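So you can see what is in the structure, the chains are spelled out below.
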Amino acid sequence: MIDSFSRRVLLFSGVVALCIGIAGARRVGASDEKPEAELAACGIERWSVKTGTDAGASAIDLTHPVRTNVATMRLWIPPYTLPVDSRVSPFETTLLAVDATLVKYKLEDDSDFHLVIMDSLGNTMIAEIPSPACVTTGPFAALIASARAEFEASFSVTTSFKNTNTPIQLVGIGFFDYIHGQTGVAPNGIEIHPVLSVHVSPNQATPTPTPRNRHLPVTGPFTGVLVRPRTGSHPGLTPTVPQPTPTHTPTQTPTSTATPTIPPTPTPIPTATPTPTPTFPLPGGIPGCTPKPGAHCCYCKDGTVSPSCGIQGACSGHGGIRP
């Protein structure tokens, strides 16, 4: 007969053997674990455009950045509906260079580094560096990996926001994101996404101006209400074609051979200076609409355009201002 002490010894031995067996099984299955790259959580919304795996990414010039700034980018008007897997030209098809101050950064759930940059007036916008584990193909892949390494060399990124006040130069592609309360988001949702190059504490001397034909279109001052064109396309620049100045050919008075006369001096007819054709986009962001002083242009609910939004009488008799 097994006494109480022996029974306890046997029970303890069984528990120890079970634990050893479980640990051995885990060691045997350890080779089946996925590497970190395969476990990275990546994004979904407009992801191909964010990472350069869309069809239009290969056409972007990655060697000649256009210098711009935070305040200018916040004025750009996105289309009424953002395309899922194609780009909004020229803003999402141009390599941009921006000097600003990095004020916040963190690691997002989609593995992006979320950067908040600010200009000297306090205007902010977002820049993001995807995880190289989420971008293994496409023309941006190597540049994204390099930018990520450059940032990590200066900052320790965690899933909580960290504050800083560091001058920084970012080079990357413009991107319109959906606005959903992101920290530091611009009023039009514009971002630099992806960031392809990072320079911490750069020499921010006045840069050599970019040639005029490399500037991106800029709308009038942002008034706090995003006005998008009905067609969903961004208004381009309409070239001004000067009208020819009319000329006056004086009629010579015939002279008599018998009595020569001096022809009268013709009175010049003043030529009117042609009114130049206005260029677009006009202040207010709506082609063909000139806002009243102290106001801006917007659409009324019946489809007409009001030049007096922001002052009394806007869209009076036209159903009110369209949201």
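One structure accompanies this document, and this report is about it. What you see is a predicted model; the values in this text were computed from it and never measured.

Procedures and definitions
- Residues numbered from 1 in each chain as written.
- Predicted model: local features only at pLDDT ≥ 70, side-chain atom pairs only at ≥ 80, totals over all residues.
- Heavy atoms only, no water.
- Disulfide = S-S within 2.5 Å.
- Helix = DSSP H or I, 4+ residues; strand = E, 2+ residues; numbered from the N terminus.
- Buried < 20%, exposed > 50% of the residue type's maximum accessible area, 1.4 Å probe, protein only.
- Salt bridge = Lys/Arg side-chain N within 4 Å of Asp/Glu carboxyl O.
- Pairing = 2+ DSSP bridges.
- Core = buried A, V, L, I, M, F, W, Y, C linked by side-chain atoms within 4.5 Å.
- Contact = heavy atoms within 4.5 Å.
- Phe/Tyr/Trp six-rings, centres within 6.5 Å; stacked < 30°, edge-to-face > 60°.
- Lys NZ or Arg CZ within 6 Å of the ring centre and 35° of its normal.
- Expected span 1.5 Å × (residues − 1).
- Arc of directions from axis to C-beta.

### What to know about the state of the cysteines
Disulfide: a covalent bond connecting the sulfur atoms of a pair of cysteines.
Link 1 in the chain: According to the stated counting rule, one finds two disulfides in the structure shown.
Link 2 in the chain: C42 shares a disulfide with C134; S-S distance 1.9 Å. Measuring handedness by torsion sign, the sulfur bridge of C42 and C134 sits at about -85 degrees and is left-handed. Here the residue C42 occupies a position in the loop between α2 (36-39) and α3 (47-51), and C134 occupies one in the loop between β4 (124-129) and α5 (141-152), the gap between them amounting to 92 residues.
Link 3 in the chain: Note on C42: relative accessible area 34%, which makes it partly exposed.
Link 4 in the chain: On the basis of relative accessibility, which here comes to 13%, the residue C134 falls in the buried class.
Link 5 in the chain: With its sulfur 2.1 Å from that of its partner, C289 forms a disulfide with C297. Disulfide C289 to C297: torsion about the S-S bond roughly -90 degrees, handedness left-handed.

### Quick notes on the pattern of salt bridges
Link 1 in the chain: Inspection of the entire model under this criterion finds three salt bridges.
Link 2 in the chain: The residue R87 makes a salt bridge to D54 at a minimum N-O spacing of 2.9 Å. Remark: D54 occurs in the loop between α3 and β1 (66-68) and R87 occurs in the loop between α4 (70-73) and β2 (95-107); sequence separation between them is 33 residues.
Link 3 in the chain: Exposure remark for D54: the relative accessible area of 9% places this residue in the buried category.
Link 4 in the chain: Close ionic contact of R67 with D99 constitutes a salt bridge, the shortest N to O distance being 2.8 Å. Note that R67 is positioned in strand β1 and D99 in strand β2, a separation of 32 residues in sequence.
Link 5 in the chain: Classification of D99 as partly exposed rests on a relative accessible area of 22%.

### As for the pairing of strand β3 (residues 113-118)
Within a regular strand, the side chains alternate between the two sheet faces.
Link 1 in the chain: Along β3, five of the six residues are buried, which leaves the element largely enclosed by surrounding structure.
Link 2 in the chain: The pairing of β2 with β3 spans six bridges and is antiparallel. Residue K104 lies in a different strand from β3, and its bridge partner there is V116.
Link 3 in the chain: The turn linking β2 back onto β3 is made up of five residues, and S111 within it adopts a positive phi angle of 75 degrees.

### Describing the nonpolar core
Link 1 in the chain: Counting residues in each nonpolar core, the largest one holds 30 residues, and the members touching the most others are L115, I117, F151 and L170.
Link 2 in the chain: If you list the elements that add at least two residues to this core, you get α4, β2, β3, β4, α5, β5 (162-176) and β6 (190-200).
Link 3 in the chain: Per-element accounting of this core gives the leading share, five residues, to β2.
Link 4 in the chain: Those residues in contact with F151 that lie beyond four places of it in its chain are L102, Y105, F113, L115, I129, V157, I168 and V198.
Link 5 in the chain: Counting 13 residues, the second largest nonpolar core, distinct from the first, contains W47, V135, I144 and V171.

### Overview of the packing of aromatic side chains
Link 1 in the chain: For the structure on display, the rule yields six aromatic pairs.
Link 2 in the chain: Plain terms: the ring middles of Y105 and F151 are 5.7 Å apart, the flat faces sit at 80 degrees to each other, and that makes the pair edge-to-face. Of this pair, Y105 sits in strand β2 while F151 sits in helix α5, and the two are 46 residues apart along the sequence. Here Y105 matches F151 in class, with each residue buried.
Link 3 in the chain: Positioned above the aromatic ring of F161, the side-chain terminus of K106 is 5.2 Å from the ring centre.

### Considerations on the environment of G52
Link 1 in the chain: Looking at where G52 falls in the secondary structure, it is placed in the loop between α3 and β1.
Link 2 in the chain: Considered as a pair, G52 and P194 are 142 residues apart in the sequence and their alpha carbons are 8.0 Å apart.
Link 3 in the chain: Discounting residues that sit within four places of it in the chain, G52 has contacts with A57, R87, G138, P139 and F140.

### Let's talk about the pairing of strand β8 (residues 305-309)
Link 1 in the chain: The pairing of strand β7 (residues 296-299) with β8 spans three bridges and is classified as antiparallel. For H296, the partnering residue across the bridge sits in β8 and is C309.
Link 2 in the chain: Where β7 hands over to β8, the hairpin turn is made up of five residues, of which G303 adopts a positive phi near 95 degrees.

### Quick notes on α5
Each α-helix turn comprises 3.6 residues. Residues three or four places apart therefore point the same way.
Link 1 in the chain: With twelve residues, α5 should reach 16 Å at 1.5 Å per residue; the first-to-last C-alpha distance of 17 Å fits that figure.
Link 2 in the chain: Restricting attention to buried positions, one finds in α5 the residues A141, I144, A147, R148 and F151. Around the axis of α5, the buried residues are gathered within 125 degrees of arc, so they sit on the same side.
Link 3 in the chain: Residues of α5 that are buried in the fold lie against α3, β2, β3, β4, β5 and β6.

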